[in-house]
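Below, each chain spelled out in residue letters.
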Amino acid sequence: MNEVFHEDILETFLFFFLASLGIIQAMAARRGWHGLSLYGGRVRENVNRALGAGLVIFAYAWYFSDPLHRNVRNIEALMSMVCLVLGILAAAAFSLLAASLSEYLRRLRRGAGVGKPEGKGERDRRVSLTGGTAILHGVPGAAGAGRRLVMVGEPGGLNRRLLGILARSLPPGTEALSLWTSEFPTLEGEDPREAFRRPLCSMLEEMETRGVFSPQGSVFLGLGWGADQLLLARRFLEGRFRPDSLVALAPVLPGPESPTLGDALLSNTPSDILGAVRAMKPWRESRFRSLLRAWIPTCALCVLAATALTASLQLRWWFLSGPLGGAVASLWLVYYLDRTGRKKGVSPRKSWEEKAASALSSLELRDGECPLTVVLPGDIEGGLSQDIASRSGYPGFNMVTWPDALRGKFLLEGRNAERLAGLLFPAGGSQAGRDHGSGHDEVSRG
Amino acid sequence: MLDWLLSLDYALFRCVNGLAGRNILLDSAMKAFCNDHLVPFTLGLLVLVMALKGRRRAEDRENLAAVIRVFLTVALSAALMQLVITLVHRPRPFVDHEVNLLFYRPVDWSFPSNPATATFSFFFSAWFSDRRFSWYFLPPAFLMSFARVFCGVHYPGDVLAGILLALLSAWLVHRLRFLSRPFVSVALVLESRLRSALSVRE
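Just so you know, these numbers come straight off a predicted model, no measurement behind them. (Residues numbered from 1 in each chain as written. Chains lettered and ligands numbered in written order. Predicted model: local features only at pLDDT ≥ 70, side-chain atom pairs only at ≥ 80, totals over all residues. Heavy atoms only, no water.)

> Before we move on, can you summarise the overall build of chain A with the specific residues and values?
Helix and strand counts for chain A come out as 14 helices and nine strands. Out of the 446 residues in chain A, the part that is buried amounts to 53%. Entry remark: accessible area of chain A is about 19900 Å², with carbon and sulfur atoms responsible for 60%. (Helix = DSSP H or I, 4+ residues; strand = E, 2+ residues; numbered from the N terminus. Buried < 20%, exposed > 50% of the residue type's maximum accessible area, 1.4 Å probe, protein only. Areas by Shrake-Rupley, 256 points an atom, 1.4 Å probe, with all protein chains shown as cover.)

Okay, structure coming up:
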């Protein structure tokens, strides 16, 4: 009898796992979550839907084909609920791992992940700066080059490998520098716009002062969060380095309706998302620390109390329900302790995303002196391009939409690197922002 | 008064249960819906669909809160049901009467109906959060509750009590927001940190 019971738990868990996996894949296709695609690239909508529906149908057919699961009591309701939650969690974990792994393999296959990491190439030179890192890319024929490019990567070096690949795809005779600040700002205390802008400005100043690289007259390219830093530092750059042009590739910009910054699942894989969270280090924030300080002792007390209670009442599964119930109760308690603290002004009310969104939503693209090009990938929120266009007043401003490019899988389309190089240094000699209309781009002028 | 209600309940039970054993197809369908697994499992998976069905992040955040409230409603209704079971001990219909039994003989008390409480908890909680989507929960919940009477394991009064208990639980969870607010906040903070972690990658 016991054997049947355990077997049923396993079968019920498997049923929920398979059916949940099917639902997650079908919904990923519907939402266009390329980051959760199991194929290492884009969502193949019809394949994903078919896979999802197939898994759900198979799960039902397999589970209910057993007469034991039709009209005979086997596992109890509580255990069914546990199987439901565990099955959904396991399906989600499997989707996250499989999507990350298949994207990793895709990058290897496309050669994006092989090669030497940037800064370790034979002709690359790594320079440590206060608050960040820079790499001078030794492009053949760069000595005395007329073309100079400064690439601003995302804080924490999130896309340093992509920077290296882009540097290698530049036309001969280009002197390239890539740099990134070491940390994301916590957005506590100082003006959030200043917190994004300041580290970049000081790094560029340090580069020039030390005589490592002079950004004077360069083309500046910012990627993702680096593009935001570039746009926020625009006035400083124009006053100090007189850039030839600015290109903001896939800046993180809040949508016109909600105070959110976008949706990482649209193109970033779960492992990329975790990497970004690790770079953002939310545990440095004072709010997180104060919450943790309050939660650890509260949780310990609640777990002890709840376990003692369930043990004394001799409830079934007391060794599981006690600690779990205690941990859940401690979350509830700590929330209200923190809320009381916030009412007294101890910890801040706004989340990091809200603060970043409010800082970046007021990003002003007007009043510039040098040409600016904003490149928007295909995974931006609807209506964002119109919003950006309405915020831009400089006659030379250009907004380019690359519908086939994804922020999190930029090299998915094999020619994006070359397309970007062509945008930065067009063949005719004119620089970015002055003349870049090409085949598949959707171009509009602000 | 109580006797009159009990006799009315039994009369209704006989009407519904009397339909059993006449049509093999109807019996099979009712046995399927009466099953301990089919409907509750389907409703559990519908909650997952509810969590992912939005079109934008703002909708996803609302759906996440709704899903947390569904689980809290189910937990609260289960707790309230246990409380009622300790107070009211009503035997199953097949214990006291001759019935058309199409199901195994459950050994626990009849009042209130456990499946009706659980399945209608899903429906009412979803209804308080998302009226449009909640209607998907109703047909399975209704069919399972009806099938329990049809198969002879519950009185209609048990089912009605389960529905009322589910309604009360859902109302309490949605009315007393302070119960769910901490869990919703934690979930939304996690959602915000993860989904705003954008980066340009190769």
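Next comes the rest of the account.
> Give me the overall build of chain B: which residues, what numbers.
Looking only at helices and strands, one finds 10 helices and zero strands in chain B. Starting at the N terminus, the α and β elements of chain B follow one another as α-α-α-α-α-α-α-α-α-α. Contacts in chain B between residues at least 24 apart in sequence constitute 80% of all its contacts with a sequence separation of at least 6. With the model as given, the accessible surface of chain B reaches about 9300 Å², and the carbon-plus-sulfur share is 68%. (Contact = heavy atoms within 4.5 Å.)

> I'd like a rundown of the nonpolar core, residues and numbers included.
Counting residues in each nonpolar core, the largest one holds 103 residues, and the members touching the most others are Leu179, Trp225, Leu261 and Trp352 of chain A together with Phe137 of chain B. Counting contributing residues per domain, this core is built from domain 1 (2-109) and domain 2 (125-253 + 363-445) of chain A, each supplying no fewer than three. Once you skip the residues sitting within four places of it in the chain, Trp225 of chain A turns out to touch Glu154, Pro155, Phe184, Phe196, Val252, Leu261, Met280, Trp352 and Leu360 of chain A together with Ser196 and Leu198 of chain B. Core analysis: the second largest hydrophobic core is formed by 29 residues, Ile165, Ala167, Val400 and Leu420 of chain A among them. (Core = buried A, V, L, I, M, F, W, Y, C linked by side-chain atoms within 4.5 Å. Domains from an automatic or database assignment.)

> So, the interface of chain A and chain B: which residues are in play, and what are the values?
Listed as interface residues are 70 residues of chain A and, on the opposing side, 41 residues of chain B. Carbon and sulfur atoms supply 61% of the area that chain A and chain B bury against each other, a total of about 5100 Å² over both sides. Inspection of the region where chain A meets chain B yields five salt bridges. Salt-bridge contacts for Asp60 of chain B lead to Arg31 of chain A; the nearest nitrogen and oxygen are separated by 2.7 Å. In this structure, the connection of chain A to chain B is made through 23 residue pairs in polar contact (both at pLDDT 80 or more). Within the residue set of the side of chain A that touches chain B, elements represented by two or more residues are helix H1 (2-31), helix H2 (45-64), helix H3 (68-71), helix H4 (77-109), helix H5 (160-168), helix H9 (270-280), helix H11 (318-343) and helix H12 (352-361) of chain A. For the side of chain A that touches chain B, the residue count by class is 40 nonpolar, 14 polar and 16 charged. (Buried area = accessible area lost by both parts, 1.4 Å probe. Salt bridge = Lys/Arg side-chain N within 4 Å of Asp/Glu carboxyl O. Polar contact = N/O pair within 3.5 Å; in protein donor to acceptor, adjacent residues only side chain to side chain. Nonpolar A, V, L, I, M, F, W, Y, C, P; charged D, E, K, R; others polar.)

> I'd like a rundown of the pairing of strand E4 (residues 174-181) of chain A, residues and numbers included.
All names here are of chain A. Extensive coverage of E4 is indicated by the burial of seven of its eight residues. Sheet topology note: the strand E2 (residues 132-137)/E4 ladder contains six bridges and is antiparallel. Looking across to E4, one finds that Leu136 is bridged to Leu177. For strand E3 (residues 147-152) and E4, the ladder comprises six bridges, and the chain directions are parallel. Its bridge partner being in E4, Arg147 is matched across the sheet by Thr174. Regarding the hand of the β-α-β motif, the stretch spanning E3, H5 and E4 is right-handed. (Pairing = 2+ DSSP bridges. Right-handed = clockwise from strand over helix to strand, strands pointing away.)

> Explain unusual backbone geometry residue by residue, including any values.
In this structure, Pro112 of chain B follows Phe111 of chain B across a cis peptide bond, with omega equal to -10°. For Arg242 of chain A, which is not glycine, the phi torsion reads 45° and is therefore positive. Among the structural elements, Arg242 of chain A can be located in the loop between helix H8 (234-240) and strand E6 (245-249). Residue Arg242 of chain A is classed as exposed on the basis of its relative accessible area, which comes to 56%. Residue Lys281 of chain A is not a glycine yet carries a positive backbone phi of 45°.

> Tell me what's going on with helix H1 (residues 2-17) of chain B, and back it up with residues and numbers.
All names here are of chain B. Given a rise of 1.5 Å per residue, 16 residues ought to cover 22 Å, and the 22 Å separating the end C-alpha atoms of H1 matches this to within 8%. Within H1, burial applies to Asp9, Phe13, Val16 and Asn17. Along the long axis of H1, the arc covered by the buried residues comes to 85°, so they all point the same way. Facing away from the buried surface of H1 by more than 90 degrees, the exposed residues are Asp3, Trp4, Arg14 and Cys15. Packing partners of the buried residues in H1 comprise helix H5 (93-96), helix H8 (138-150) and helix H9 (156-175). (Expected span 1.5 Å × (residues − 1). Arc of directions from axis to C-beta.)

> Give me the lowdown on the packing of aromatic side chains, citing residues and values where you can.
All chains considered together, the criterion is met by 35 aromatic pairs over all chains. What links up through ring pairs into an aromatic cluster is the set Phe15, Phe16, Tyr60, Trp62, Tyr63 and Phe64 of chain A together with Phe41 of chain B. Between Arg148 of chain A and the ring centre of Phe213 of chain A, over which it is positioned, the NZ or CZ distance is 5.1 Å. (Phe/Tyr/Trp six-rings, centres within 6.5 Å; stacked < 30°, edge-to-face > 60°. Lys NZ or Arg CZ within 6 Å of the ring centre and 35° of its normal.)

> Tell me about the confidence of the model for chain A, residues and numbers included.
Confidence in the prediction for chain A averages 81 pLDDT; 80% of positions are at 70 or higher. Across residues 433-440 of chain A the pLDDT falls below 50, and counting only partners more than four positions away or on other chains, this stretch makes 19 contacts in the model. (pLDDT = per-residue confidence, 0-100.)

> Help me get a handle on the environment of Ala92 of chain A, residues and values and all.
As for its placement among the helices and strands, Ala92 of chain A is situated in helix H4. Separated by 71 residues in sequence, Ala92 of chain A and Leu21 of chain A have C-alpha atoms that sit 7.0 Å apart.

> So what about a nonpolar patch on the surface? Which residues, and what values?
On the surface, Met1, Leu2, Trp4, Leu5, Leu6, Leu8 and Leu12 of chain B cluster together into a nonpolar patch covering about 750 Å² of accessible area. Leu12 of chain B sits in the partly exposed class, given a relative accessible area of 43%. (Patch = residues over 30% accessible without salt bridge, like charges linked within 9 Å, V, L, I, M, F, W, Y side chains within 5 Å.)

> Describe the packing of helix H6 (residues 114-129) of chain B against H8 of chain B, naming the residues involved and giving the relevant values.
Residues and elements named next belong to chain B. Here H6 crosses H8 at 170°, and the two axes come no closer than 9 Å. One element, H6, and the other, H8, form an angle in the roughly antiparallel class. For the element pair H6 and H8, the recorded crossing hand is left-handed. Counted together, Pro115, Ala116, Thr119, Phe120 and Phe123 of H6 and Leu138, Ala141, Phe142, Met144, Ser145 and Arg148 of H8 form the full contact between these two elements. (Axes fitted to C-alpha atoms, helices over the stretch in contact; angles between N-to-C directions. Parallel < 35°, antiparallel > 145°, perpendicular 65-115°, else oblique. Left-handed = near helix turned anticlockwise from the far one by under 90°.)

> I'd love a proper account of the pairing of E2 of chain A, names of residues and values included.
Residue and element names in this part refer to chain A. Here E2 lies mainly inside the structure; six of its six residues are buried. Side-chain alternation along E2 places Gly132, Ala134 and Leu136 on one buried face and Thr133, Ile135 and His137 on a second face that is also buried. Relative to E2, strand E1 (residues 125-129) runs antiparallel, the two being bridged by five bridges. Looking at E2, one finds that Leu129 is bridged to Gly132. Count of turn residues in the E1/E2 antiparallel hairpin: two residues, of which Gly131 carries a positive phi of about 85°.

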